[in-house]
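The chain contents come next:
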Amino acid sequence: MQLPFRDIEIDDVKIYMEHWTQTDQRASDYSFPILWGWSEGAYGYQAAPDSETGLYWIRQTIPSIYNLAPIGNWHRDNWAELLEERYGKEAEFCLVPEKLLNIWRSQFGDKLKVEEDRGNWEYLYNIEDLATLSGNKYMKKRNRVNQFRRTYNYTYKSINNEIAAEITDFQQVWCQANHCAETPGLVQENHGIQRILQNWDRIPHLRGGVIFVGDEIAAYTIGELSGDMIVVHFEKASLEYSAGYQAINKEFLSHMLQEHPELKIANREEDMNDPGLREAKMSYHPCGFIKKYRVKVSL
């Protein structure tokens with residue numbers, strides 16, 4: 001059968017979220033704001049709701065077509081039939097979460113060729129650890145946050161529509177200061193952030209926080225609630241304020257835990273094989289990962 005792939009639109013959010021809530025392992029690559037935010041120009045994400053299976057198939061079209069894993073209820077015993085009908089005897093998928101891979105392995109055996117995609121593993125943390133920074137292993141982080149508190153008279157506010165409009169201006173200034181124009185990935189990210197901020201109330205489960213020093217934004221974070229997990233999609237701090245990143249990280253997660261005591265995990269996403277980013281993420285002592293893989297199926 002021909003899957004009816006089409007561009008992802010903001011009005012698709014309701015039906016998308018119905019499938020998303022059934023998905024066992026919710027990797028940030030598959031969250032609606034990321035797919036929709038990056039669908040225009042950057043990666044050309046498209047989706048195809050499949051009424052026959054209740055699954056939602058996803059693909060990237062820029063610079064080439066790459067199949068992603070579907071979202072929805074993965075627990076079914078006819079994956080071979082489903083994939084063959086929709087993709088033929090051979091198909092390749094990227095960013096396949098570990099839990100879906102294990103289901104496929106149980107049904108396909110040696111018909112799978114699997115390659116670890118370490119750069120796209122998402123870092124998971126005990127949210128209480130990052131919200132409190134207690135204990136010796138977080139001493140340096142805690143000292144940086146305390147330094148920020150002593151140096152700046154700041155206020156923390158949750159993002160609403162009015163503040164989202166202010167962040168759009170700050171994000172443009174941040175991009176100029178960090179030479180976004182020289183890095184295609186930052187240009188694409190900036191475009192996605194702007195789309196999300198301009199549609200703040202239309203995307204469910206978004207949460208965000210901003211640190212103001214006086215009337216100026218020093219740092220902000222945008223995250224998304226997903227069950228007992230908060231996914232931190234974006235985190236930006238001004239170069240003018242030392243330790244801004246450490247401060248907004250702690251403030252945001254501390255407020256999230258107060259408002260949503262059911263939260264257990266903070267997902268701070270992947271490192272993209274960047275050595276500096278990997279070192280920074282490891283320094284916060286992850287408690288686990290959402291592992292992802294490239295998978296080739298030969299039926």
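Placed above this text is the structure.
Let me sum up the structure you'll find in this document.

Rules behind the numbers
- Counting starts from 1 at the beginning of each chain's written sequence and moves along it residue by residue.
- Local features in this predicted model are restricted to residues of pLDDT 70 or higher, and side-chain atom pairs are both shown and tallied only at a pLDDT of 80 or more, whereas totals for entire chains, interfaces and linings draw on every residue.
- Working from all heavy atoms in the structure, the side-chain values ignore hydrogens and water.
- Fitted lines through C-alpha atoms serve as axes, helices being fitted only where they are in contact, and the angles separating the N-to-C directions of these axes extend from 0 to 180 degrees.
- Per the convention used, a helix needs a DSSP run of H or I reaching at least four residues, while a strand needs a run of E reaching at least two, with both numbered from the N terminus.
- When an angle is under 35 degrees it counts as roughly parallel; over 145 it counts as roughly antiparallel; between 65 and 115 it counts as roughly perpendicular; any other value is oblique.
- Residue contacts follow a heavy-atom distance rule, with two residues in contact if any of their heavy atoms lie within 4.5 Å.
- By disulfide we mean two sulfur atoms from cysteines, separated by a distance within 2.5 Å.
- For every residue, the accessible area (1.4 Å probe, protein chains only) is compared with the maximum for its type, and the residue is labelled buried under 20%, exposed over 50%, or partly exposed between those bounds.
- Any helix carries an expected span of 1.5 Å times its number of residues minus one.
- Polar contacts here mean pairs of N or O atoms no more than 3.5 Å apart (in protein, one a potential hydrogen donor and the other a potential acceptor; neighbouring residues in sequence count only if both atoms are side-chain atoms).
- The rule for pairing is simple: two strands pair if DSSP sees at least two bridges between them.

Notes on the packing of helix α7 (residues 161-177) against helix α8 (residues 184-198)
In step 1: The contact between α7 and α8 brings their axes to 9 Å, and the two run at 170°. As summarised for this structure, α7 and α8 are arranged roughly antiparallel, according to the angle between their axes. Here Ala164, Ile167, Thr168, Gln171, Gln172, Trp174 and Cys175 of α7 come into contact with α8, specifically with Leu186, Asn190, Ile193, Gln194 and Leu197.

Brief notes about the state of the cysteines
In step 1: Summed over the entire model, instances satisfying the criterion amount to 1 disulfide.
In step 2: With its sulfur 2.3 Å from that of its partner, cysteine 175 forms a disulfide with cysteine 180. With the S-S bond torsion at -80°, the cross-link from cysteine 175 to cysteine 180 turns out left-handed. You'll find cysteine 175 and cysteine 180 in the same group, each marked buried.

Topic: unusual backbone geometry
In step 1: Note the cis peptide between isoleucine 62 and proline 63, where omega equals 0°.
In step 2: Take proline 63: it is sitting in the loop between β3 (55-60) and β4 (66-68).
In step 3: Here the phi dihedral of histidine 179 falls at roughly 55°; this positive angle occurs in a residue that is not glycine.
In step 4: With respect to the helices and strands, histidine 179 occurs in the loop between α7 and α8.

Structural notes on α7
Quick reminder: α-helices carry 3.6 residues per turn. Residues three or four places apart thus point the same way.
In step 1: Taking 1.5 Å per residue as the helical rise, α7 with its 17 residues ought to reach 24 Å, and the 25 Å between its terminal C-alpha atoms agrees with that figure.
In step 2: Within α7 the residues assigned to the buried category are Ile163, Ala164, Ile167, Thr168, Phe170, Gln171, Trp174 and Cys175.
In step 3: Buried residues belonging to α7 abut β8 (154-158), α8, β9 (206-213), β10 (216-226), β11 (229-237) and α9 (244-259).
In step 4: Between a side-chain oxygen at the N-terminus of α7 and the backbone nitrogen of glutamate 162 the separation is 3.1 Å; the capping residue is asparagine 160.
In step 5: Phi turns positive, to about 55°, at histidine 179, one or two residues after α7.

Observations regarding the pairing of β3
In step 1: Taken across its 6 residues, β3 has 5 buried, putting it largely inside the fold.
In step 2: With 5 bridges joining them, strand β2 (residues 46-50) and β3 adopt antiparallel strand pairing. The residue of β3 that forms the bridge with aspartate 50 is leucine 55.
In step 3: A loop of 4 residues connects β2 with β3, the two strands running antiparallel in sequence, and glycine 54 in this loop sits at a positive phi of about 75°.
In step 4: With 2 bridges connecting them, β3 and β4 associate as antiparallel partners. Opposite glutamine 60, over in β4, you have tyrosine 66 as the bridge partner.
In step 5: Hairpin connection from β3 to β4: 5 residues lie between these consecutive antiparallel strands.

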